[in-house]
Amino acid sequence: MPLGVLVWLPLALARAVLAALRGRLGALCWRLAPFPLPLPAWRRVSAPSPSAAAGPRCEQEGDTEPLTPTSVNYHFTRQCNYKCGFCFHTAKTSFVLPLEEAKRGLAMLKEAGMEKINFSGGEPFLQDRGEFVGKLVQFCKQDLKLPSVSIVSNGSLIRERWFKKYGEYLDILAISCDSFDENVNVLIGRGQGKKNHVENLHKLRQWCREYAVAFKINSVINRFNVEEDMNEQIKALNPVRWKVFQCLLIEGENTGEDALREAEKFVISDEDFEQFLNRHKDVSCLVPESNQKMRDSYLILDEYMRFLNCRNGRKEPSKSILDVGVEAAIKFSGFDEEMFLKRGGKYVWSKADMKLDW
């Protein structure tokens, strides 16, 4: 046998043994993690397996303090009645957790340190005509006694009767409004027949006053509204916060072969975004958020209650908190707690502590 083969065989055997040991060690680390046993009911609606990139890893995560889910964004539905071209949480599934399972997960998050929950979508008011999100809001405020409960909505499906029934349990209602020009809203995908998005915004503002709910506006700055001057309209509406986002691309959501949207035509440069911010620098409630701040500083739960890691430019899911617990799932969230605090993620978010002129 040639000398080269004699040398190669022991090396190959050693590599194979090391690879096997590494695999066994990784599996052992995963099994020894302090996961609670899942309830049988969750098994009937189990989420799809997470991608390999977000799967179990044996790292030195146990040597650090566990992350606290202080503020969580729960996208409990992906369904929406609008078709915003830049949407980065698209209707890839129609799944919604049963109400009691959602409540169980929210209770687990409270136990892990959650202080603020934000319900989002999709459009939260599509599910059971707003009753589903209403019951979650009431549960979080009344039963869990969370300091802050908020909703992000496009506002098109909210009726006054909802405020009468659930308004007392809601701290903040954020309405998405990207332009005060109805033609631009149509271009973006917020047009809905004869309904006027801007007129509806003013009606919702008035209801928030009447039912003591803090009013907030979210705007995504993109190619179609980047030149717009919104100073006068925002000051007239006087929201507690005007969150201004830079249009963000997420692979598999609004860009790429398996995406439901093609958001490339909406993207603006960092310089364009800064110019928009400078034009509105005198608006006291302005809260700017660039792509970098958005990508790493939000704790996002999807419809299966999986944390979504956006650090690699796409949403890589953890295992569901309902299967493995909050502490185990949050390790794979990609959450940057320092960036969360730096961007002002923690603020006066309970309406009981706000000095507002209702």
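Residues numbered from 1 in each chain as written. Predicted model: local features only at pLDDT ≥ 70, side-chain atom pairs only at ≥ 80, totals over all residues. Heavy atoms only, no water.

Help me out: how do you make sense of unusual backbone geometry in this one?
Generally, phi is negative for residues other than glycine and the peptide bonds are trans, each holding for most cases. In this structure, the amide linkage connecting G121 to the following residue, G122, adopts the cis form with an omega of 15°. As for its position among the elements, G122 is in the loop between β2 (116–120) and α4 (131–143). Backbone geometry at R129 places phi at a positive 55°, although glycine is not the residue there. The topology assignment puts R129 in the loop between β2 and α4. With a relative accessible area of 74%, R129 lands in the exposed category. A positive phi angle, near 55°, is found at A212, a position not held by glycine. In this fold, A212 is placed in the loop between α7 (197–210) and β5 (214–221). (Helix = DSSP H or I, 4+ residues; strand = E, 2+ residues; numbered from the N terminus. Buried < 20%, exposed > 50% of the residue type's maximum accessible area, 1.4 Å probe, protein only.)

Help me out: how do you make sense of the pairing of strand β7 (residues 286–289) in this one?
Bridge analysis of strand β6 (residues 241–246) against β7 gives 4 bridges, and the strand direction is parallel. When the sheet's bridge partners are listed, W242 is paired in β7 with L286. Chirality of the crossover, the property in question, places the unit of β6, helix α9 (residues 270–279) and β7 among those that are right-handed. (Pairing = 2+ DSSP bridges. Right-handed = clockwise from strand over helix to strand, strands pointing away.)

Explanation requested: the packing of helix α3 (residues 99–111) against α4 in the structure shown.
To characterise two packed helices, one gives the angle between the axes of the helices and the distance between these axes. Close contact between α3 and α4 brings their axes to 11 Å; oriented N to C, the two are set at 35°. Considering the relative orientation of α3 and α4, their crossing is right-handed. Counted together, L99, A102, K103 and L106 of α3 and F132, K135, L136, F139 and C140 of α4 form the full contact between these two elements. Split into classes, the residues belonging to the contact of α3 with α4 amount to 7 nonpolar, no polar and 2 charged. (Axes fitted to C-alpha atoms, helices over the stretch in contact; angles between N-to-C directions. Left-handed = near helix turned anticlockwise from the far one by under 90°. Contact = heavy atoms within 4.5 Å. Nonpolar A, V, L, I, M, F, W, Y, C, P; charged D, E, K, R; others polar.)

It is not clear to me how the nonpolar core should be interpreted in this structure. Could you clarify?
Ranked by internal contacts, the top residues of the largest apolar core, which has 71 residues, are Y74, L106, I117, F119 and W242. Considering every element that reaches this core, the biggest residue donor is α4, with 6 residues. Beyond its immediate sequence surroundings of up to four residues, Y74 is in contact with L97, A102, L106, I117, N118, F119, S120, L136, L301, D302, E303 and M305. (Core = buried A, V, L, I, M, F, W, Y, C linked by side-chain atoms within 4.5 Å.)

Hey, could you run me through the packing of aromatic side chains in this one?
Given two aromatic rings, their pairing is described by the distance between the two centres and the angle made by the two planes. Per the stated rule, a full pass over the model turns up 15 aromatic pairs. Centre to centre, the rings of F76 and F119 are 6.4 Å apart; their planes meet at 70°, and the pair counts as edge-to-face. With F76 in the loop between β1 (71–75) and α3 and F119 in strand β2, this pair connects stretches of sequence that are 43 residues apart. The exposure classification of F76 matches that of F119, with both residues buried. Ring centres of Y347 and W349 lie 5.7 Å apart, and the angle between their planes is 70°; on these two criteria the pair is classed as edge-to-face. There is no split in this pair, since Y347 and W349 are both buried. Every member of this aromatic cluster is reached through a ring pair, and the members are F125, W162, F163, Y166, W207 and Y211. Above the ring of F224, the side-chain terminus of R223 is found at 4.6 Å from the ring centroid. (Phe/Tyr/Trp six-rings, centres within 6.5 Å; stacked < 30°, edge-to-face > 60°. Lys NZ or Arg CZ within 6 Å of the ring centre and 35° of its normal.)

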